[in-house]
Amino acid sequence: MRGSSGVVAISTWQWVVDNRAEILRLLVQHIQLTAIAVGIGFVISFPLAVLAYRHRALYPPITWITGLLYTIPGLALFVLLLPFTGLSITTAEVGLVSYTLLILIRNTVTGLRSVPEDVKEAARGMGYTSRQMLWRVELPLALPAIVAGIRIATVSTIGLVTVAALIGRGGLGQLILEGLNRLYNTEVLLGALLSVTLALVADGALLLGQRALTPWARERTYRTRGWMPPRKAGFPVG
Amino acid sequence: MISLERVSKVFPGTSRPAVSELSLEIARGETVVLVGPSGCGKTTTMRMINRLIEPSSGAILVDGKDVMRQDPVQLRRGIGYVIQSIGLLPHRTVAQNIATVPKLAGWDDQRIRRRVDELMDIFGLDREMMDRYPSELSGGQRQRVGVARALAADPPVMLMDEPFAAVDPIVRARLQDEFLDIQRRLRKTIVFVTHDIDEAIKMADRIAMLNVGGILEQYASPEEILREPANSFVQEFVGAERGLKRLALIKVAEIGVEEGPVVERSASTEEALAAMKRFGMDWVTVVEGGRLLGWVDRASLNGRASVGEVAPRRFSAYVTANSSLRQALDSIITSRTNVAVVADDGDRYLGVLTVERISKEIVS
């Protein structure tokens, strides 16, 4: 990166302008890493959630396993994966995806379970097959909770992606890491600021998307009943 | 149209059956109300007809075909279904909710739209409401949409589980009247479940009185159940005021009217007094060309030559041939003349009804 912490004359703004291409590249990379993680996480968790909803007995083992994955500290997981997948994007994504599963599954199941009994009873009585019931009644009504899960998963993944820089996979974490190495606060702050902003923007965009998709779910009638994971303690950043 | 043959249902984990050996014949176009205390298996019985619950033994035939030998999904699409909480799809608009079964059955869009329009009109729902969501409707509107939805694919059979229970008594009475009106035209075969004996009496062609455990205590017309309760259970469930409830079911036209004192407006005072004397009354009904004008009493005719010189007083209430005896009785006890004057819909005088005549009908 051009510019250095030693040159006081160069203003903070000038540093940002000089490095805008690199900053943009890292931001895009950050978004990509997040999107892939949440996307794959959703593809894996969706069928598992539907399965856990349809067969109640499967819910405890599924949440137990994904809950276990969720509790492994991020850095520890990367280190565990290194012998198998090296310093690759796979290592980063396996870790990131595994953190989204519990959140996505629990929210989807919560959403499906909160579909009112009388609505299901009436739908069954009118001759919906169980497949039609799932796709036309249960999933649309669970949508606010499902999106709530995606929002939580996205925001926490955006935070976690900064750790991916530790194994050389880029993202905004790289700004933080380099800034720390060079004792250049501007770079550290910029990395953190962009990461937080990205999280807020993504969260807002998803919320707007959900509102557009669920015009019937006005605050008063269908409040999103998302499940929030317990706070992760001792998360290692840098 | 629907026949239950020794149908029983024992739920797993319970020893006492919810329904035991119930046999019931329901004719085409008839409204049968299943009524009884909670635990009498009325809802279970109803839900076995569209296989939301499967009977443990016995057979249920709809239109001659055993329901257990049919695909449950196809069976249900051919049977209208309304539940107490209605269960409108919250994410579908009013129009989409009504169109549910036609859509499942694969009707083309234009036919669906015509049918939805038609039903909105039948149920007095403003077309502007078509694009609203259920959460934006009042309780009464929701119930109407629920019943309209059940009728959308024009099923010959309707199952209705306390469809009007979730609204206040005033709205409920109106919805009941509206539905009776619609049913008179459509002649669906209806199985209607309620715990409210008054609703049963009002809605039913026949009432199936069920006791706890799904035991059929009596299966008869409301009039017969009120007149001759089969046993003490039925008598107790029907409750007090059996006589009054029966009066509500009998129309004035069914018992005929009595003659009463009546004169034309052009009649002389002598003629009026003679009419009063004949019936032992001190008042006389005044008509003009057969049309009801009111009444005059003996005192007001004092010193007058003809009835026409006195302005007749209007009857505060009178009944028509279509009124119930209960309405007639109400009219009798609230009028100063102590009789109910009966006119036809065109205000033409028919005669009178007295308490004695009505009471004879109940006691006989």
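Reading the values: the criteria
Residues numbered from 1 in each chain as written. Chains lettered and ligands numbered in written order. Predicted model: local features only at pLDDT ≥ 70, side-chain atom pairs only at ≥ 80, totals over all residues. Helix = DSSP H or I, 4+ residues; strand = E, 2+ residues; numbered from the N terminus. Expected span 1.5 Å × (residues − 1). Contact = placed C-beta atoms within 7 Å. Pairing = 2+ DSSP bridges. pLDDT = per-residue confidence, 0-100. Nonpolar A, V, L, I, M, F, W, Y, C, P; charged D, E, K, R; others polar. Axes fitted to C-alpha atoms, helices over the stretch in contact; angles between N-to-C directions. Buried ≥ 20, exposed ≤ 12 C-beta atoms within 10 Å, placed from the backbone. Right-handed = clockwise from strand over helix to strand, strands pointing away. Parallel < 35°, antiparallel > 145°, perpendicular 65-115°, else oblique. Left-handed = near helix turned anticlockwise from the far one by under 90°.

1. Focus: helix H9 (residues 185–213) of chain A
Note: α-helices contain 3.6 residues per turn, so residues at a spacing of three or four share the same orientation.
Now for step 1: Between its first and last C-alpha, H9 of chain A extends 42 Å over 29 residues, near the 42 Å set by a 1.5 Å rise per residue.
Now for step 2: Where H9 of chain A is buried, its residues meet helix H1 (12–18), helix H2 (20–54), helix H7 (130–164) and helix H8 (173–181) of chain A.

2. Quick notes on the sheet that holds strand E16 (residues 349–353) of chain B
Residues and elements named next belong to chain B.
Now for step 1: The sheet built from three strands is open, its strands ordered E14-E15-E16 with mixed pairing. The sheet terminates laterally at strand E14 (319–320) and E16, the two strands that pair on one side only.
Now for step 2: By the bridge criterion, two bridges tie E14 to strand E15 (residues 340–343) in an arrangement that is parallel. Each residue of the ladder has a partner; that of Val319, found in E15, is Val342.

3. A closer look at the confidence of the model for chain B
Now for step 1: Looking at chain B as a whole, the pLDDT averages 89, with 100% of positions reaching at least 70.
Now for step 2: This complex was scored by the predictor with a pTM of 0.76 and an ipTM of 0.75.

4. Some thoughts on the interface of chain B and chain A
Now for step 1: In this assembly, 17 residues from chain B lie in contact with 18 residues from chain A.
Now for step 2: Looking at the side of chain B that touches chain A, the elements that each hand over two or more residues are helix H2 (72–77) and helix H4 (100–104) of chain B.
Now for step 3: For the side of chain B that touches chain A, the class distribution of residues is nine nonpolar, six polar and two charged.

5. Quick notes on the sheet that holds strand E6 (residues 79–82) of chain B
The strands that make up a sheet pair up through hydrogen bonds in the backbone, lying either parallel or antiparallel.
Residue and element names in this part refer to chain B.
Now for step 1: Ordered by their spatial adjacency, six strands build an open sheet running E6-E7-E8-E3-E9-E10, and the pairing between neighbours is mixed. In the strand order of this sheet, the two ends are held by E6 and strand E10 (215–220), each with one partner. Averaged over neighbouring strand pairs, the angle between their axes works out to 15° when direction is ignored.
Now for step 2: Lying on the sheet, helix H6 (residues 139–151) is in contact with E6 and strand E7 (157–161); it crosses E6 at an angle near 165°.

6. Quick look at unusual backbone geometry
All names here are of chain B.
Now for step 1: If you check the backbone angles, Arg6 has positive phi at about 45° while not being a glycine.
Now for step 2: Mapped onto the elements, Arg6 comes out in strand E1 (residues 2–9).
Now for step 3: Since 12 C-beta atoms lie within 10 Å of it, Arg6 is described here as exposed.
Now for step 4: We note that Arg187 has phi near 55°; this positive angle belongs to a residue other than glycine.
Now for step 5: Structurally, the position occupied by Arg187 is in the loop between helix H7 (169–186) and strand E8 (189–194).

7. Structural notes on H7 of chain B
Now for step 1: Between its first and last C-alpha atoms H7 of chain B spans 25 Å; for 18 residues at 1.5 Å apiece the expected length is 26 Å, and the two agree.
Now for step 2: Immediately downstream of H7 of chain B, the backbone of Arg187 of chain B shows phi near 55°, a positive value.

8. Let's talk about the pairing of E7 of chain B
Residues and elements named next belong to chain B.
Now for step 1: Counting buried positions along E7 yields five of five residues, so the element is predominantly enclosed.
Now for step 2: Neither face of E7 is left uncovered, since the one carrying Val157, Leu159 and Asp161 and the one carrying Met158 and Met160 both have all their residues buried.
Now for step 3: Taken together, the four bridges between E6 and E7 define a ladder with parallel strand orientation. Looking at E7, one finds that Ile79 is bridged to Val157.
Now for step 4: In the sheet, E7 pairs with E8 via five bridges, with the strands oriented parallel. Bridge pairing in E8 links Val157 to Thr189.
Now for step 5: Between E7 and its parallel partner E8, the chain crosses via H7, and the hand of that crossover is right-handed.

9. So, the packing of H2 of chain A against helix H5 (residues 89–113) of chain A
Residue and element names in this part refer to chain A.
Now for step 1: One way to put it is that H2 packs onto H5 with a least axis distance of 7 Å and a crossing angle of 40°. It follows that H2 is oblique to H5 by the angle criterion. In this structure, H2 crosses over H5, and the sense of that crossing is right-handed.
Now for step 2: Looking at the contact of H2 with H5, its residues break down into 20 nonpolar, four polar and two charged.

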